[in-house]
Amino acid sequence: MKKKLFLKLSLVMLFAFVSVCGFGQQVIKGEVIDENDEPLIGVTVAVQNSTRGTMTDVNGLYSISANAGEKLVFSFVGYKASVVTIGNQSTINVKLESDQALLEEVVVVGYGVTQKKDLTGAVSSVDAEQLSDMPASRVDQMLQGRSSGVLVTSANGSPGARSSIRIRGGNSINADNEPLYVIDGFIVGTDFNLNNINTNDIESIEVLKDATAISIYGTRGANGVILITTKSGESFGSEKPNVSLNLYTGVQQMARKIDYLNGYDRAVYGTEFAANSGSADPFADKSEIGNSDWQDLISQTGTVSNLDVSIGGSTKDLNYYVSANYFNQEGIIKGTGLERYNFRANLDFKLNKKLKAGVRLNGAFTQTENDKTDLWQMRSALTAFPTYYPDGVTYWDQNIVQGGAFANPLADIALKTDFTYGTNLLTTAYLEYSPWKDVVIRSTIGPKINWSKRNQFDPGTLPARAAAQQGGLAQIDNVFEFDILQENTISYTKKFNENNRINLLGGFTWQKGLRETTFTQTQGISIDAINYDNLSIGDPLTYRVGSSLADSRQLVSWLGRANYSLKDKYLFTAVGRVDGASVYSGSNNAYAFFPSGAFAWRIIDEPFMQNQNLFSNLKFRTSFGTAGKESISPYSTLAVLDNNVLVFNDTQAIGIQKGRPANPELKWETTSQLDIGLEFGFLNNRLSGEIDYYYKKTKDLLLARQIPKVTGFDTKLENIGSIQNQGLEFMLNSININSKDFKWESSLTVSGNRSKILNLAGSDEIIIYSLEQGGPGAKLIVGQPVGVFTGVQYLGTYKTQEEIDTDGNLGVRQVIGGPRYKDENGDGKINNDDHVMMGNPEPKFFGGINNSFVYKNFSLDIFFQGTFGNDIYHEPNQSSLFGLSEANIYAEAIDRWSPENPTSDIPKAGGIASISDVVSNSAMLEDGSHLRLKSLKVGYNLPLKSNAIKSLNIYGVGSNLFLISKFRGYDPEATRFGTNSTVRGIIRNQYPNAKTFTVGLKADF
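Read on for an overview of the structure. (Residues numbered from 1 in each chain as written. Predicted model: local features only at pLDDT ≥ 70, side-chain atom pairs only at ≥ 80, totals over all residues. Heavy atoms only, no water.)

## So, the pairing of strand E24 (residues 472-495)
Of the strand pairs in this sheet, strand E23 (residues 439-458) and E24 are connected by 20 bridges, and their pairing is antiparallel. Its bridge partner lying in E24, Ile445 is registered against Gln486. Pairing of E24 with strand E25 (residues 500-525) involves 23 bridges; the strand directions are antiparallel. In the strand pairing of E25, Thr493 is matched with Asn503. Counted along the chain from E24 to the antiparallel partner E25, the turn is 4 residues long. (Pairing = 2+ DSSP bridges. Helix = DSSP H or I, 4+ residues; strand = E, 2+ residues; numbered from the N terminus.)

So, in structure tokens, the structure goes:
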């Protein structure tokens, strides 16, 4: 009875409320114009806190029903929103003011910040919000395609694996080409483990690309600089604490597999191989034939989970942001994974009106379970091999093709132990004093401590070790690193009048780093349960102990920058830095000066641009300057002594000999760069973007030059090489639809870089990669791009004896159905003289496109990334396409040459006798062009009526959902040599990238 009465009263009250509201509504009409009194089309006019709204027509007119006392909100892209309270009037006309917020966006640059409109250099900002909530442990894994001119390549898909990043191409041959990372002002170097940074702590990411942007970092900045700024309490703009919770969990799967012959077909292939090569048939006993899909057997559906909790806010005298993070990723290969704990505290104190202080503290502990099997070595885990013996428990351990023990991948995963533990502490503290209004003095100091320990144990029960009766093998590796950085800067900012504005920066910095490594190893451990816990019980004859000489580096620098603005239209920048490095101790060039200058012209602010409605932003900029590279190991300028073993009077003795000659003339590799850019915006920045052309030349490359042996040495390290890069970058942002309930934004980046070797110490070419058997596969060649692929041309298979007779004896195995190569120079031999440039690992173009949709409370983000025009040197083709007897064979070999299939260009089984019969050739090259659905994110903001919960968002993310590629392997991005300076695009069955699905919840309180 009470429920019915409550329902009736509720209906009466609702009817009365609706009646009153309807009775009080009136029709409001009006016009919306801009600052030039021109009508604005498509302005959103909405009643605040309601679902009622409309848009202005082609004449800028609108009509809407509303109540007295309600508020109308007028909003339009590129203009400041206007809110008007409705009174008794029936007509409300509004003039909207231009919103320059986009141009006044603050951008982080080296040792400071600047407004985007005042920027004279090439700096890309990456939206950190787009990178949040993504199921990845490292921020570099998520930067692909999001910044023009930045090529990101995933070395492999293992949990926590780093990516290789090239900003406007590589500048060096022997030295590192990775960018410099600067986190909250701390220069952490090029090899900092980004697993130590929680991606959801990141406030902004800036990529410094041109000379004026990077030369402020002198010897450290030649490869470009990535600035990562973490969150502070100011981000929340509230004195009340803001508590955030972000939780997601999901699954990962292998995205694609290599298509091999199944067990039966592989056994048939082996039998045919034996018949054609005159060897014994390893598969004569058909009872031993298995059908093992080892890729399925070693892979799994891994899980990934993440929990972030943070609290931040600001008061009159304190800004604070504190966070904790737990991340756990189970790899898609069994027995791999990453577990990480992060803690961060960012505090800023206002001590008085002139004095501020602050601290940034980040601590991380990681535990990585390393891959215990090897997909490259798994070529010899034939699909025709059984997994277990008939008892279903004992691992199959016979290699019936090669003989001896079989390294069963499942046994490796189950029995081996391989963990890496890492502890990192990164801290900076600053004191900032402003004695006068326009002057700021800042002093910063920060230590970085990194310690890692890798524990490995191969038990004696492993099939190979058991067969050899070697017992267990244990090894422990330790790495300790310590860096300390101290920086002092003074800045002066002054606006003299309406036409003149200046900003000056000067500073002195000092940094010292230390790195030590040790390892211990023993074999013959008889009790597997001991594992690596007690190396002393191993065989004393197998003890190995090693340590590295402490790698100590010290750098002192003086830096300066001047920015001058004339009439806010003509912008000038001059930058200079002097660096002195301890690694050049004993050199005549221990110090170097790196200057640069830039000019920008804000064309949009010229009088002749004021009466047009097409452009909303137009700026031309250009810069030129130099940056350097600290490219050598400590003491490389000095002569060193090496130990040597010699026999004197039948007695072995330790001798000393000269190790290398001194060279006091060594100096930094130096990169000069020209940049020309244009920034533009149309239709009130509904369409905006940038286009840049750059040219870089690196000279004084450090290369080992051949010298006469009468000197007692073979080579001498000298500054004698040079390389160039040039390219185009294009970035476009568009607001396609911006209505009351629906918004669609797009962003596009497209870049292309062209490298060229100019000088190689007087040599025409240098081999940088060779097959284990088969000859060189990649070279540095003067006049060609860096690291081109070389080999002989593959002509298919020999179809007749006449073709063999025509070619003559070329010095390689020649049989009908076997591989045929082109004798390029016609000398009757197949050797390195027949090598031609087959391909280039450098993409012609690369980039990404993102589309963001918002419909009421729903959001959808779709991001594609890819490359075009790059080649891949796929090393597995040597064995799996040409047909090595002990390797798995591609399924396409079902169509191999045979008397019944005499036109096939796939070699017959037994067409090669050994891997040395397959020289580096064009059939090992594949097209690396690809398009990947990098991420798809769907979100829903729950409508709330709670003062306690500010926002609540449910989201789902799919990563690496599909890949369009002709590549045979797991992934066209992976690379065998990781971050190697010059050897790129060579793939050897690296750990696959995963397809990931996650769901999450984000809440702010």
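Next comes the rest of the account.
## Looking at helix H4 (residues 263-277)
With 15 residues, H4 should cover 21 Å at 1.5 Å per step; its first-to-last C-alpha distance of 21 Å lies within 8% of that length. Considered for burial, the residues of H4 that qualify are Gly263, Arg266, Ala267, Tyr269, Gly270, Phe273 and Ala274. The arc that holds every buried residue of H4, seen down its axis, measures 160°, which confines them to one face. Facing away from the buried side of H4 by more than 90 degrees, the exposed set consists of Tyr264 and Ala275. The residue sitting at the N-terminus of H4 and contributing the capping side-chain oxygen is Asn262; that oxygen lies 3.3 Å from the backbone nitrogen of Tyr264. Just past H4, the residue Gly278 takes up positive phi, approximately 75°. (Expected span 1.5 Å × (residues − 1). Buried < 20%, exposed > 50% of the residue type's maximum accessible area, 1.4 Å probe, protein only. Arc of directions from axis to C-beta. Polar contact = N/O pair within 3.5 Å; in protein donor to acceptor, adjacent residues only side chain to side chain.)

## What to know about the sheet that holds strand E3 (residues 53-55)
Pairing within the open sheet is antiparallel, and its 4 strands lie in the order E3-E2-E5-E6. Edge positions in the sheet fall to E3 and strand E6 (82-85), since each has one partner strand and no second. Sheet twist, expressed as the average angle between the axes of neighbouring strands with direction ignored, equals 20°. (Axes fitted to C-alpha atoms, helices over the stretch in contact; angles between N-to-C directions.)

## A look at the side chain of Arg220
Structurally, the position occupied by Arg220 is in the loop between helix H3 (211-214) and strand E16 (225-230). A distance of 3.0 Å separates the side chain of Arg220 from the side chain of Gln511, its partner in a polar contact. Excluding its chain neighbours within four sequence positions, the residues that come into contact with Arg220 are Leu180, Ile187, Gly189, Gln511, Leu555, Gly628 and Glu630. (Contact = heavy atoms within 4.5 Å.)

## Considerations on a nonpolar patch on the surface
There is a patch of nonpolar side chains on the surface, built from Leu425, Ile449, Trp451 and Phe480 and spanning about 300 Å² of accessible area. You can see Trp451 is positioned in strand E23. We classify Trp451 as partly exposed; its relative accessible area is 32%. (Patch = residues over 30% accessible without salt bridge, like charges linked within 9 Å, V, L, I, M, F, W, Y side chains within 5 Å. Areas by Shrake-Rupley, 256 points an atom, 1.4 Å probe, with all protein chains shown as cover. Salt bridge = Lys/Arg side-chain N within 4 Å of Asp/Glu carboxyl O.)

## With respect to the sheet that holds strand E50 (residues 986-987)
Strand order across the open sheet formed by 3 strands is E46-E45-E50, with mixed pairing between neighbours. Pairing within the sheet leaves two strands with one partner each, and these edge strands are strand E46 (925-927) and E50. Of the pairings in the sheet, the one linking strand E45 (residues 871-874) to E46 comprises 3 bridges and is antiparallel in character. Opposite Asp871, over in E46, you have Asp927 as the bridge partner.

## Notes on unusual backbone geometry
Notably, Asn531 is not glycine yet its phi reads approximately 60°, a positive angle. When you line up the elements, Asn531 lands in the loop between E25 and strand E26 (544-547). Residue Asn684 is not a glycine yet carries a positive backbone phi of 55°.

## Quick word on the nonpolar core
Leu143, Ile165, Ile205, Leu208, Tyr217, Val225 and Ile226 are the most contacted members of the largest nonpolar core, which totals 53 residues. Excluding residues that lie within four positions of it along the chain, Ile205 makes contacts with Ser124, Ser125, Val126, Leu131, Val139, Leu143, Ile226 and Leu227. Ranked by size, the runner-up nonpolar core spans 45 residues in total, among them Leu261, Phe385, Phe406 and Tyr821. (Core = buried A, V, L, I, M, F, W, Y, C linked by side-chain atoms within 4.5 Å.)

## Overview of the packing of aromatic side chains
Applying the stated rule across the entire model yields 26 aromatic pairs. Taken together, a centroid distance of 4.5 Å and an interplanar angle of 40° make the contact between Phe858 and Tyr940 tilted. Taken together, the residues Phe858 in strand E44 (residues 858-868) and Tyr940 in strand E47 (residues 930-941) connect sequence positions 82 residues apart. An aromatic cluster of three or more residues is present, and its members are Tyr769, Phe789, Tyr873 and Phe977. Over the face of the ring belonging to Phe863 we find Arg146, whose NZ or CZ atom lies 3.9 Å from the ring centre. Positioned above the aromatic ring of Tyr430, the side-chain terminus of Arg442 is 4.0 Å from the ring centre. (Phe/Tyr/Trp six-rings, centres within 6.5 Å; stacked < 30°, edge-to-face > 60°. Lys NZ or Arg CZ within 6 Å of the ring centre and 35° of its normal.)

## Some remarks on the pattern of salt bridges
Evaluation of the coordinates by the stated rule reveals 46 salt bridges. Among the ionic pairs, Arg168 bridges to Asp675, the shortest N-O distance being 2.8 Å. Of this pair, Arg168 sits in the loop between strand E12 (163-167) and strand E13 (180-183) while Asp675 sits in strand E33 (residues 669-682), and the two are 507 residues apart along the sequence. Across the pair, Asp675 and Arg168 agree in class, each one buried. Here the salt bridges do not stand alone but share partners, grouping Lys116, Arg168, Lys209, Lys619, Arg621, Asp675, Glu679, Glu690, Asp692 and Glu729 into one network.

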